[in-house]
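So the chains spell out like this:
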Amino acid sequence: MRSKLFVPGVRPDLFQKAWSGPADGVSFDLEDAVAPSRKAEARAAVAAFLREHALGEHALRDPARAASAPLAIVRVNAPDTADFEADLAALLPVSPDLINLPKIDSAQALRAAVARIEAQEAALPADPARRAPALLVNIETPRALRVAAEIAGAHPRVAGLQLGLGDLFEPAGIRRDVAAHVQAVMLQVALAAGEAGVFACDGAYADFHDDAGFEHEATMAQQLGFIGKSCIHPRQVPLAHAVFSVDAQAQADARRIVDAADAARAQGLGVCVVEGRMIDAPYLKRAERVLAQVERDAAR
């Protein structure tokens, strides 16, 4: 998921445009982009769209999903709000690929949210087309950052962590235009995601006219192993793809590593040498991930 395009839940006029565009994922927002007085309207609009366009079409972990369709993602309201249960009631029947959980700051809070999700799922009538959505958990508070690995590993439904720099930095008065600040936090989230075996996705960059700023943050994230970046405007989608797509040199290097490792295994060896570099299991796993990404990107 190189790009994840946000669409406010109160803008159904934009749903089809976003869905048919080039973004790898479309994130329908029921939280911050929707005023309290319009929450019910927004969740009904998103549920209606997904019922028509996404139900049963694919799931995040289903390799047979329609490759040309974007991932359907919904950012729900925080579990400690009155809207959370209503969001679940509207969305679970239409099977989004990912539920984006905000304001989670502990493993206990994550497990409690999952319990509420599963309780609503258990009450639904049987439907073979419906799948249980995976979870994308926002890391957007100091406490969440401190225990990010625990949150990511708290339940097998967690597929990834998403960094929310605005929520993390602004209340504390931390300057986002200082690269060292951003990089330090990204590294913590990347390591937490790696420890738990989930992916890390970078958050949004608010100034959608500042291409250079978006590309700078995206490049830092890519270098730290993030799979993609959130986009708040369609113009940011091709920028994200340019940064997070695998270039020809990286693809060729990954292929050489995989081929050399296969030849070494055929000889009973656990390591090999590729252009002067010793290659063992960690390097091979990274090369295999690169080639898998190339296949996914080619299908889009």
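Definitions and limits used
- Residues numbered from 1 in each chain as written.
- Predicted model: local features only at pLDDT ≥ 70, side-chain atom pairs only at ≥ 80, totals over all residues.
- Heavy atoms only, no water.
- Pairing = 2+ DSSP bridges.
- Helix = DSSP H or I, 4+ residues; strand = E, 2+ residues; numbered from the N terminus.
- Right-handed = clockwise from strand over helix to strand, strands pointing away.
- Buried < 20%, exposed > 50% of the residue type's maximum accessible area, 1.4 Å probe, protein only.
- Contact = heavy atoms within 4.5 Å.
- Polar contact = N/O pair within 3.5 Å; in protein donor to acceptor, adjacent residues only side chain to side chain.
- pLDDT = per-residue confidence, 0-100.
- Phe/Tyr/Trp six-rings, centres within 6.5 Å; stacked < 30°, edge-to-face > 60°.

Colleague: Mind laying out the pairing of strand β8 (residues 228-231), listing which residues take part and the relevant values?
Modeller: For a regular strand, side chains alternate in direction, first toward one face of the sheet and then toward the other. In the sheet, strand β1 (residues 3-8) pairs with β8 via 3 bridges, with the strands oriented parallel. Bridge pairing in β8 places S3 opposite K229. Of the pairings in the sheet, the one linking strand β7 (residues 199-202) to β8 comprises 2 bridges and is parallel in character. By the bridge assignment for β8, C201 is matched with G228. In this fold, the crossover linking β7 to β8 by way of helix α9 (residues 211-223) has right-handed handedness.

Colleague: Can you lay out the environment of R43 for me, pointing to particular residues and giving the numbers?
Modeller: Among the secondary structure elements, R43 is positioned in helix α2 (residues 39-53). A residue is classified by how much of its surface remains accessible, and R43, at 10% relative accessible area, is buried. Separated by 44 residues in sequence, R43 and D87 have C-alpha atoms that sit 6.2 Å apart. Apart from residues no more than four positions distant in its own chain, R43 is found in contact with L30, D83, A86, D87 and A90. Here the side chain of R43 touches D87 through a polar contact of 2.8 Å, side chain to side chain.

Colleague: Before we move on, could you go through unusual backbone geometry and cite the residues and values that matter?
Modeller: Leaving glycine aside, a negative phi is the common case for residues, and trans is the common case for peptide bonds. Although it is not a glycine, S95 adopts a positive phi angle of roughly 55°. Mapped onto the elements, S95 comes out in the loop between α3 (83-91) and β4 (98-101). Phi is positive for K103, which is not a glycine, with a value near 55°. On the secondary structure map, K103 appears in the loop between β4 and α4 (107-122). Taking the relative accessible area as the measure of exposure, K103 reaches 34% and is therefore partly exposed.

Colleague: Kindly report on the confidence of the model for the chain, identifying the contributing residues and their values.
Modeller: When pLDDT is averaged across the chain, the result is 90; 94% of the residues are at 70 or more. Here residues 58-66 is a poorly scored stretch, pLDDT under 50, and it has 26 contacts once near neighbours within four places are set aside; other chains count.

Colleague: So what's going on with the environment of P133? Residues and values would help.
Modeller: Tracing the sequence through the fold places P133 in the loop between α4 and β5 (134-139). The class for P133 is buried, based on a relative accessible area of 1%. In this structure, the C-alpha to C-alpha distance between P133 and L91, residues 42 residues apart in sequence, is 9.7 Å.

Colleague: I'd love a proper account of the packing of aromatic side chains, names of residues and values included.
Modeller: Applying the stated criterion to the full structure yields 5 aromatic pairs. Plain terms: the ring middles of F15 and F28 are 5.1 Å apart, the flat faces sit at 85° to each other, and that makes the pair edge-to-face. Here F28 lies in strand β2 (residues 25-29) and F15 lies in helix α1 (residues 12-19), a separation of 13 residues in the sequence. Residues F15 and F28 agree in their burial class; the two are buried.

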